[in-house]
Amino acid sequence: MAGTWIERDASVVWHGFTQMDAFLRNSPLVIESAEGHELIDVDGKRYLDAISSLWVNTLGHRVPELDQAVIDQLGRVAHSTLLGHGNTTVVELSEALAEVVPVDEPHFVYASDGAAAVEQALKIAFQYWKNEGSEGKTTYMAFGGAYHGDTVGSLSVGGDGFGSSTFDDLRFPVVRAPGFDDPAFIDAAIELLETTHDELAAVVVEPLVQGAAGIRVAPTDGFKDLEASCRDLGVLLICDEVATGFGRTGSLFASEICGIRPDIMALGKGLTGGYLPMSVTVTSGAIYKAFLGEDLGPKTLYHGHSYGGNALAAAVARKHLELIRAPEILANVNDRAEQLKRLLDERVAPLAGVADIRTQGLMCGVELAPGSPGERRGRLVCAGAVARGVLLRPLGDVVVLMPPLTITEPEIERIVEALAESIEEVCAP
Ligand code: PMP
């Protein structure tokens with residue numbers, strides 16, 4: 001095959017959220033392998049994976065127990081369909097998840113990506129009301145700045161930005177509450193609920209942290225009021241924990257920190273520890289029961305994906321859940337989160353180029369002060385960190401730090417130092 005790996009990549013691979021005309025100018029890496037928290041590129045250079053491979057990795061790469069779980073499952077079966085039939089590994093995974101998810105009498109509908117789990121949640125909420133005989137509950141309330149994925153339904157409940165306006169003619173209208181950057185967003189949402197609940201199938205929210213909005217952290221208290229209003233007014237509560245789930249916020253689920261029990265929950269990313277694409281929509285027993293009826297009748301959930309409940313992914317997810325429940329994992333998240341916050345306060349917050357720092361557990365956004373038009377500071381700062389061996393990726397001018405849950409003390413220091421040096425270089429007055 002002619003050319004370097006990156007030339008070969010650029011000639012055949014179309015990368016998501018990437019302008020391919022500029023791809024090669026942005027010094028992309030081609031990863032060949034990994035060890036622990038480091039990715040290793042085709043030239044043998046190592047990069048600390050400080051974004052957990054886009055927020056999916058939890059315990060590092062090539063974890064022996066997770067590798068073994070995949071190998072063992074390969075000795076049984078890689079995949080068998082969940083449409084109308086079962087798989088022992090998926091049953092075991094679901095039983096294990098049922099012990100931990102903050103949803104009453106949970107039932108699990110599997111898919112492969114976060115967006116698909118949200119899409120399923122939207123459709124299930126929509127059909128729930130039809131099955132219950134309630135007419136007119138055909139839309140959703142969602143929040144400004146929200147991000148729920150890129151399929152048309154999840155894009156519709158998502159806020160503006162990230163190119164979503166290109167698809168405005170396709171996106172269905174929703175009732176839009178303010179984003180988490182408005183301190184009164186919960187009160188505003190509750191007021192809107194009072195006037196629109198007749199039309200609403202569900203409220204969709206990222207509990208505690210709006211990730212893609214730039215790690216916007218909300219106070220915990222308000223979510224209980226939102227949940228109470230939903231219950232009082234007959235609107236389902238969908239919590240999208242695709243990003244916040246599986247330990248990232250310092251608790252297994254952000255809903256626990258908020259003290260809420262959603263009717264429906266979307267999980268993805270960390271479900272398999274970053275190994276294999278698997279997501280799941282969790283519904284309460286009450287919702288599940290509303291879909292029971294005559295065989296092939298109209299109450300059936302007519303939705304399902306070819307690879308939903310893939311056995312290899314289920315095997316790794318089941319083992320991952322066992323590992324992540326060891327108390328030292330969440331203890332490490334909370335200790336390292338404290339260290340990260342302290343180091344950022346000391347080393348990064350005082351820098352001229354920094355406007356704000358927001359953290360919750362090991363989810364962190366460092367917002368840069370606005371640069372000159374077209375400067376793309378976020379990208380430049382991350383490129384500087386990559387050149388220093390720390391892989392970062394920005395959301396606009398917010399640099400996101402999302403290290404694995406098992407990140408070590410020296411590695412946190414390495415991340416903060418690389419970030420600080422890069423900000424000093426890029427944002428020098
Ligand atoms: N919901 C949230 C809150 C997310 O952060 C993301 C992805 N960043 C998604 C949904 C979509 O997940 P996926 O990219 O796996 O489709």
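Here, the structure is the one placed above.
These numbers were taken from a predicted model, which means no experiment stands behind them.

### Quick look at the overall build of the protein
Assigned secondary structure in the protein consists of 14 helices and 17 strands. Computed over its C-alpha atoms, the radius of gyration of the protein comes to 22 Å, within 12% of the 22 Å expected for a compact globule of 429 residues. By residue count, 53% of the 429 residues in the protein fall in the buried class. Within the protein, the 60 negative side-chain charges are centred at a point lying 3 Å from the centre of the 33 positive side-chain charges.

### Points about helix α4 (residues 88-98)
For α4, the full list of buried residues reads T89, V90, L93, S94 and L97. With its buried residues spanning 135 degrees around the axis, α4 presents them on a single face. Of the surrounding elements, those touching the buried residues of α4 are α3 (64-74), β4 (107-111) and α11 (311-324). Between the side-chain oxygen at the start of α4 and the backbone nitrogen of T89 there is a gap of 3.0 Å, and the oxygen is on N87.

### Structural notes on the site of the ligand
Within the structure, the ligand sits among W55, D113, G114, A115, Y147, H148, G149, E206, D240, V242, A243 and K269. In the model, an oxygen atom of the ligand is placed 2.8 Å from a nitrogen or oxygen of the A115 main chain. In the complex, 85% of the free accessible area of the ligand, which totals 400 Å², lies under the protein chains. Classifying every residue of the shell around the ligand gives 5 nonpolar, 3 polar and 4 charged.

### A closer look at the packing of helix α7 (residues 185-196) against helix α8 (residues 222-233)
The geometry of α7 relative to α8 is characterised by a closest axis approach of 9 Å and an angle of 5 degrees between their N-to-C directions. Judged by the angle between their axes, α7 and α8 are roughly parallel. For the pair α7 and α8, contact is made by F185, I186, A189, I190, L193 and E194 and by G222, F223, D225, L226, S229, C230 and L233, respectively. Tallied by class, residues from the contact of α7 with α8 come to 9 nonpolar, 2 polar and 2 charged.

### Some remarks on the nonpolar core
The biggest cluster of nonpolar side chains holds 94 residues, and the ones touching the most others in it are L226, L419 and I423. Those residues within four positions of L226 in sequence are excluded, and the remaining contacts are F143, I186, A189, I190, L193, V203, V205 and L237. A121, V157, V204 and I264 belong to the second largest nonpolar core, which has 23 residues in total.

### Quick look at the pattern of salt bridges
If the charged atoms of two oppositely charged side chains come close together, the side chains can form a pair. For the coordinates displayed, the defined rule picks out 21 salt bridges. Between D104 and R261 there is a salt bridge; the shortest N-O distance is 2.7 Å. Of this pair, D104 sits in the loop between α4 and β4 while R261 is found in the loop between α9 (254-258) and β11 (264-267), placing the two residues 157 residues apart along the sequence. The salt bridge partner of E421 is R388, with a shortest N-O separation of 2.9 Å. Taken as a pair, E421 in helix α14 (residues 409-426) and R388 in the loop between α13 (377-387) and β15 (390-391) lie far apart in primary sequence, 33 residues in all. The exposure class of R388 is partly exposed, given its relative accessible area of 29%. Three or more residues are tied together by salt bridges with common partners; here these are E35, E38, R46 and R414.

### A closer look at the side chain of H148
For H148, the position within the fold is in the loop between β5 (139-143) and α6 (152-157). Overall, the relative accessible area of 3% leaves H148 in the buried class. Among the polar contacts listed, one links the side chain of H148 to the side chain of D240, at a separation of 2.7 Å. Among all residues touching H148, those that are not within four sequence positions of it are A115, V118, S154, V157, G158, V204, V205, E206 and D240.

### Concerning a nonpolar patch on the surface
A grouping of V152, F167 and L170 is seen on the molecular surface, where their side chains present a nonpolar patch of about 270 Å² in accessible area. For L170, the position within the fold is in the loop between α6 and β6 (175-177). L170 sits in the exposed class, given a relative accessible area of 53%.

### A look at the environment of V205
Positionally, V205 belongs in strand β7 (residues 200-205). Considered as a pair, V205 and M402 are 197 residues apart in the sequence and their alpha carbons are 20 Å apart. Setting aside residues up to four positions removed in sequence, V205 forms contacts with F143, H148, F180, F223, L226, L237, I238, C239 and D240.

### Some details on the layout of surface pockets
Estimated volume of the second largest pocket: approximately 770 Å³. Counting only elements with at least two residues in the lining of the second largest pocket, the list comes to α4, β4 and α10 (285-289). Top contributing element to the lining of the second largest pocket by residue count: β4, with 4 residues. Tallied by class, residues from the lining of the second largest pocket come to 13 nonpolar, 13 polar and no charged.

### Observations concerning a positive patch on the surface
On the surface, a cluster of positive charge is made up of R25, R376, R379 and R393. Within the element layout of this structure, R376 appears in the loop between β14 (363-368) and α13.

### Describing empty space enclosed by the protein
As enumerated under the stated definition, the model contains 1 cavity of 30 Å³ or more in all. When its volume is computed, the largest cavity comes out at roughly 50 Å³. Every residue lining the largest cavity is listed: F126, W129, K130, S134, E135, G136, K137 and T138.

Definitions and limits used
- Residues numbered from 1 in each chain as written.
- Predicted model: local features only at pLDDT ≥ 70, side-chain atom pairs only at ≥ 80, totals over all residues.
- Heavy atoms only, no water.
- Helix = DSSP H or I, 4+ residues; strand = E, 2+ residues; numbered from the N terminus.
- Rg over C-alpha atoms; globule rule 2.2 N^0.38 Å.
- Buried < 20%, exposed > 50% of the residue type's maximum accessible area, 1.4 Å probe, protein only.
- Lys, Arg positive; Asp, Glu negative; His and termini not counted.
- Charge placed at Lys NZ, Arg CZ, Asp CG, Glu CD.
- Arc of directions from axis to C-beta.
- Contact = heavy atoms within 4.5 Å.
- Polar contact = N/O pair within 3.5 Å; in protein donor to acceptor, adjacent residues only side chain to side chain.
- Near = heavy atom within 4 Å.
- Areas by Shrake-Rupley, 256 points an atom, 1.4 Å probe, with all protein chains shown as cover.
- Nonpolar A, V, L, I, M, F, W, Y, C, P; charged D, E, K, R; others polar.
- Axes fitted to C-alpha atoms, helices over the stretch in contact; angles between N-to-C directions.
- Parallel < 35°, antiparallel > 145°, perpendicular 65-115°, else oblique.
- Core = buried A, V, L, I, M, F, W, Y, C linked by side-chain atoms within 4.5 Å.
- Salt bridge = Lys/Arg side-chain N within 4 Å of Asp/Glu carboxyl O.
- Patch = residues over 30% accessible without salt bridge, like charges linked within 9 Å, V, L, I, M, F, W, Y side chains within 5 Å.
- 1 Å grid on protein atoms, 1.4 Å probe; cavity = no way out; pocket = protein on both sides within 12 Å on 5 of 7 lines; lining within 4 Å.
- Points joined across faces, edges and corners; volume = space filled by probe spheres on them.

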